[in-house]
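# Results of the structural survey
Single-letter residue listing:
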Amino acid sequence: MDKLRNYDVSFSGLKNGKHQFKFEIDQSFFQLFDTEQEFTNPRITVDVLLEKHTTFLEFEIKIDGTVELVCDITSADFDHQIENEIKVLVKFGEEYDDSDENVITIPSSDHAFNVAQLIYENVVLSIPMKKVSPDVSDEDLRILDQFSPKDIEEKEEEEHESDPRWEALKKLKDKN
């Protein structure tokens, strides 16, 4: 966690009320997580608004910037705009607990809250599953759709005349 210390938001000396923090995110930030990304060359600004209350903290994290993606159709690089916002409530308790996505519990002894994981998850979740460059023409998409495999709709089996042997067994069942 020491490598992410630059993303700590210290709240212990702050008065109750609103406080603003700003982070500039680039490739070095994502290298801290030791995972492969589907994008390169991130240029992201993160605005963190902290509203401190006596017994809890409210964080509003706004992400705005661009990342470079590879188009699934043309394999060409293109810039993709990322714009996202999350709100998280941080309360104090016995131990760290992030099982609820909107409420995070941190130990009462903590004096700072690290926003790096929230920033990372927000950026990664902002990347679309299907990466299509804005330079791909409608004509190319139409041709691609024309030659793409179509979903096979399962036809409902028509009820056929049942086997007379089954009919005889059903009659025996009905008699009992």
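On a predicted model such as this, the values are computed, not experimentally measured, just so you know.

## With respect to the pairing of strand β3 (residues 40–52)
Here strand β2 (residues 17–25) runs beside β3; their pairing, made up of 9 bridges, is antiparallel. Along β3, the bridge assignment pairs His 19 with Leu 50. Taken together, the 11 bridges between β3 and strand β4 (residues 56–70) define a ladder with antiparallel strand orientation. Directly across from Val 46, in β4, lies its bridge partner Ile 63. Hairpin connection from β3 to β4: 3 residues lie between these consecutive antiparallel strands.

## A few points about the confidence of the model for the protein
In this model, the protein carries an average pLDDT of 85, and 91% of its residues clear a pLDDT of 70 or more. Below a pLDDT of 50 lies the segment residues 153–158, which in the model reaches 0 contacts outside its immediate sequence neighbourhood of four places, other chains included.

## Focus on the packing of aromatic side chains
Counted by the stated rule, this structure contains 9 aromatic pairs. With a centroid separation of 5.0 Å and 85° between ring planes, the pair formed by Phe 30 and Phe 39 is classed as edge-to-face. Assigned by exposure class, Phe 30 and Phe 39 land together as buried. One aromatic cluster is present, formed by Tyr 7, Phe 23, Phe 29, Phe 30, Phe 33, Phe 39 and Tyr 120 through successive ring pairs.

## Remarks on helix α4 (residues 164–175)
Counted at 1.5 Å a residue, the expected span for α4 with its 12 residues is 16 Å, and the 17 Å between its end C-alpha atoms agrees. Little of α4 is tucked away: 0 of the 12 residues are buried.

## Notes on a negative patch on the surface
The grouping of Glu 94, Glu 95, Asp 97, Asp 98, Asp 100, Glu 101 and Glu 121 at the surface amounts to a negative patch. Take Glu 95: it is sitting in the loop between β5 (77–93) and β6 (103–107). Using a relative accessible area of 60% as the deciding quantity, one classes Glu 95 as exposed.

## Observations concerning the sheet that holds β5
Read from one edge of the open sheet, 5 strands run β2-β3-β4-β5-β6, paired in mixed fashion. Because the sheet does not close on itself, it has two edges, and the strands there are β2 and β6. The sheet shows a mean angle of 25° between the axes of neighbouring strands, direction not considered.

## Notes on unusual backbone geometry
We note that Asp 34 has phi near 55°; this positive angle belongs to a residue other than glycine. Counting through the fold element by element, Asp 34 comes out in the loop between α1 (27–31) and β3. For Ser 75, which is not a glycine, the phi torsion comes out positive at approximately 65°. Inspection of the secondary structure puts Ser 75 in the loop between β4 and β5. On the basis of relative accessibility, which here comes to 57%, the residue Ser 75 falls in the exposed class.

## Comments concerning the environment of Val 103
For Val 103, the position within the fold is in strand β6. Separated by 61 residues in sequence, Val 103 and Pro 42 place their C-alpha atoms 28 Å apart. Apart from residues lying up to four places away in sequence, Val 103 is in contact with Leu 89, Lys 91 and Asp 97.

Here is what the cut-offs are and how they apply
- Residues numbered from 1 in each chain as written.
- Predicted model: local features only at pLDDT ≥ 70, side-chain atom pairs only at ≥ 80, totals over all residues.
- Heavy atoms only, no water.
- Pairing = 2+ DSSP bridges.
- Helix = DSSP H or I, 4+ residues; strand = E, 2+ residues; numbered from the N terminus.
- pLDDT = per-residue confidence, 0-100.
- Contact = heavy atoms within 4.5 Å.
- Phe/Tyr/Trp six-rings, centres within 6.5 Å; stacked < 30°, edge-to-face > 60°.
- Buried < 20%, exposed > 50% of the residue type's maximum accessible area, 1.4 Å probe, protein only.
- Expected span 1.5 Å × (residues − 1).
- Patch = residues over 30% accessible without salt bridge, like charges linked within 9 Å, V, L, I, M, F, W, Y side chains within 5 Å.
- Areas by Shrake-Rupley, 256 points an atom, 1.4 Å probe, with all protein chains shown as cover.
- Salt bridge = Lys/Arg side-chain N within 4 Å of Asp/Glu carboxyl O.
- Lys, Arg positive; Asp, Glu negative; His and termini not counted.
- Charge placed at Lys NZ, Arg CZ, Asp CG, Glu CD.
- Axes fitted to C-alpha atoms, helices over the stretch in contact; angles between N-to-C directions.

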